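Spelled out from the first residue to the last, the chains are:
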Amino acid sequence: MPNIDELSAAEIASGVKAGDFTATEVAEASLDAIDKREGEVQAFLQVVPELALAAAKKCDEARAKGEELGALAGVPVAFKDNMHLVGTRTTCASRMLENYDSVFTATCVQRMLDAGATPLGKTNMDEFAFGSSTESSAFHRTNNPWDTTRVPGGSSGGSAAAVAAGEATITLGSDTGGSIRQPASLCGVVGMKPTYGAVSRYGVVAFGSSLDQVGPFGRSVADVALAMNALTGPGRDPYDSTSQNCPVDFLEHLDDPIEGRKVGVVPALMEAAGLTQEVKDALAGAIKALEDQGAEIVEVELPNIASAIAAYYVIAPCEAFSNLARFDGVRYGYQEPDCLSLAEQTAKSRAHGFGEEAKRRQMLGAYLLASGVYDKYYYPAQQVRTLITRDYVEAYKRCDVILMPAAPRTAFKFGEMSDPTQMYASDMFTISNNIAGNGGISVPIGLGAESKLPVSAQLQGPAFSDRRLLQFARAIERAYVAKGVVAPAFAGKGGDLA
Ligand code: GLN
């Protein structure tokens, strides 16, 4: 069995199919890597060896019977802990759901399993996906595999870190304002937020329902494309009314040349306040790499994008307030004991079940939706949303994709962003895409000259141009690495069964 750190998802699946090694050996190698590395990384909230080994065994038995194996045969995967998987808890990294057992399996999770993947467990996150550093998890922090004194980003920080540390080959996250693309950038892995509706959200605990989207992390663009094939497909999920028919093979045009294609850049974003010099320099390199492959760079404007964060922090808390109202201590999750009235039970269960940021968001949402206040904030925020969506439509008349930073700076230290509004600014380049419902992907472009930490470029595209995004991301990747890498501190430190 070759070193699992060096195998792509496609290589694992083809190796299992060819009988070069078994899914059980792969599962054991991954569990071994988790054993060795998890002490330093803490990417997982729950590891499920029994489920992993049972799935691997099923895969090996299917092969022995001559059955056709799926595209993810034996590929070790993990899921953000807001996704239901029967046999695991789904905690959303909250005390509120600390003991909540999944009663069904999310469609996105099921699709990965149906493609033959091996489930390793559930990954850490910011509580209910509120945050950009995974620090608001009620249980523990997750360390960035490139520098364990720094955050992995968030809110899908555990999923990004698990891939960067070589603990899982593919993981899933959710992205409401940047929670896949930003941690992918901070951890030096590829992370994709598909177009709103491309992937079913059935069985994923809702945060902002008009913004949430599930997507994959991988060490390479090809791994992410392979996962996209499993996650999407012909036909809509009858359990998610926002899911769309998506009968696309994401691998089909992956390596097509980008010669003559147009890449938009927004000058105001490339000079945005808060963007560090090393990120600017790295992006200049990515632009050059695309030009060298024959792409034409065109300047485009997104005139209303400066209002995106403000609009998001009205719309998202309002939706979160509405979605989290169900956690009232009656039906789901934590219930305060010994209360004398229902009102007392609800108040105390919520007061003790939720952490600080979850409370802040819900109080903000409650306030913003109050009569009299609603007209002042929620209504204009929705108007700004329309303006931003139209800005993108105009911009995409002039280019195929837009290139911009994924995050303003590389991974920061724990506790460094003590003011919540500072943290909110981490998503200054990602949020507008959720507002417009479009797809986006972050792809590593080397290390910052000063910090020596991963920097990524972000590509955004029109709705349902996800295959094109992967193709351009692959073009960038081609210029940097032949194949995804595990963070150097972890590469080869475990999981080698040779
Ligand atoms: N950081 C943003 C927030 O805190 C986005 C989070 C996300 O995409 N889940 O809301």
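The rules behind the values
Residues numbered from 1 in each chain as written. Predicted model: local features only at pLDDT ≥ 70, side-chain atom pairs only at ≥ 80, totals over all residues. Heavy atoms only, no water. Axes fitted to C-alpha atoms, helices over the stretch in contact; angles between N-to-C directions. Helix = DSSP H or I, 4+ residues; strand = E, 2+ residues; numbered from the N terminus. Parallel < 35°, antiparallel > 145°, perpendicular 65-115°, else oblique. Left-handed = near helix turned anticlockwise from the far one by under 90°. Contact = heavy atoms within 4.5 Å. Nonpolar A, V, L, I, M, F, W, Y, C, P; charged D, E, K, R; others polar. Near = heavy atom within 4 Å. Polar contact = N/O pair within 3.5 Å; in protein donor to acceptor, adjacent residues only side chain to side chain. Areas by Shrake-Rupley, 256 points an atom, 1.4 Å probe, with all protein chains shown as cover. Salt bridge = Lys/Arg side-chain N within 4 Å of Asp/Glu carboxyl O. Buried < 20%, exposed > 50% of the residue type's maximum accessible area, 1.4 Å probe, protein only. Pairing = 2+ DSSP bridges. Core = buried A, V, L, I, M, F, W, Y, C linked by side-chain atoms within 4.5 Å. Right-handed = clockwise from strand over helix to strand, strands pointing away.

Topic: the packing of helix H7 (residues 221-231) against helix H16 (residues 466-480)
Where H7 meets H16, the closest approach of the two axes is 9 Å, and the angle between their N-to-C directions is 165°. Relative to H16, H7 is oriented roughly antiparallel. In the packing of H7 onto H16, the handedness of the crossing is left-handed. Mapping the contact onto sequence places Val 221, Val 224, Ala 225 and Met 228 in H7 and Asp 466, Leu 470, Ala 473, Arg 474 and Glu 477 in H16. By residue class, the composition of the contact of H7 with H16 is 6 nonpolar, no polar and 3 charged.

Here we look at the site of the ligand
Surrounding the ligand, one finds 15 residues, the nearest of these being Gly 177, Ser 179, Tyr 312, Arg 361 and Asp 427. Ala 129 has a polar backbone atom sitting 2.9 Å from a nitrogen atom of the ligand. Take Asp 427: an N or O atom from its side chain is 2.4 Å from a nitrogen atom of the ligand. Alone, the ligand offers 290 Å² of accessible surface; in the complex the protein occludes 100% of this. Considering only residue class, the shell around the ligand consists of 5 nonpolar, 7 polar and 3 charged.

Considerations on the pattern of salt bridges
Where charged atoms of side chains with opposite charge meet at close range, the side chains can pair. Overall, the coordinates contain 22 salt bridges when judged by the stated rule. The residue Arg 95 makes a salt bridge to Glu 98 at a minimum N-O spacing of 3.0 Å. Overall, the relative accessible area of 30% leaves Glu 98 in the partly exposed class.

Here we look at the pairing of strand E10 (residues 439-447)
In terms of burial, E10 is largely enclosed, as 7 of its 9 residues are buried. Of the pairings in the sheet, the one linking E10 to strand E11 (residues 454-461) comprises 7 bridges and is antiparallel in character. Paired with Leu 447 across the strands is Pro 454, a residue of E11. The loop that links E10 with its antiparallel partner E11 comprises 6 residues; one of these, Lys 452, has a positive phi angle of about 60°.

Details of the environment of Ala 272
Within the secondary structure, Ala 272 is located in the loop between helix H8 (267-270) and helix H9 (277-292). Since its relative accessible area comes to 13%, Ala 272 is described here as buried. With 56 residues separating them in the primary sequence, Ala 272 and Asp 328 have C-alpha atoms 41 Å apart.

Focus: the sheet that holds strand E8 (residues 296-299)
Reading across from one edge, E1-E3-E2-E4-E6-E5-E10-E11-E9-E7-E8 is the order of the 11 strands in this open sheet, with mixed pairing throughout. Among the strands making up the open sheet, the edge pair consists of strand E1 (44-47) and E8. Within the sheet, the average angular offset between the axes of one strand and its neighbour, ignoring direction, is 30°. In this structure, strand E2 (residues 76-80) lies alongside strand E3 (residues 118-123), joined through 5 bridges in parallel fashion.

Brief notes about the nonpolar core
A general tendency of soluble globular proteins is for nonpolar side chains to be buried together. Core analysis: the largest hydrophobic core is formed by 121 residues, its most contacted members being Cys 108, Met 112, Phe 128, Ile 402, Leu 403 and Leu 470. Here the element with the most residues in this core is helix H10 (residues 308-324); it accounts for 10 residues. Membership of the second largest hydrophobic core comes to 23 residues, among which are Leu 31, Ala 43, Val 163 and Val 189.

Topic: the environment of Ala 310
Note that Ala 310 resides in helix H10. Given a relative accessible area of 53%, Ala 310 falls into the exposed group.

Considerations on the pairing of E3
E3 sits mainly inside the fold: 6 of its 6 residues count as buried. Two elements, E1 and E3, share 3 bridges in a ladder whose sense is antiparallel. Its bridge partner lying in E3, Phe 44 is registered against Thr 123. For the crossover that starts at E2, traverses helix H4 (residues 107-114) and ends in the parallel E3, the hand is right-handed.

Focus: unusual backbone geometry
A cis amide bond, omega 10°, links Gly 154 with the succeeding residue Ser 155. Its location among the elements puts Ser 155 in the loop between E3 and helix H5 (157-164). If you check the backbone angles, Phe 128 has positive phi at about 50° while not being a glycine. Examined against the element boundaries, Phe 128 turns out to sit in the loop between E3 and H5. Of note in the backbone geometry, Ala 129 takes a positive phi value of approximately 75° without being a glycine. Inspection of the secondary structure puts Ala 129 in the loop between E3 and H5. Take Ala 129: its relative accessible area is 6%, and that puts it in the buried class.

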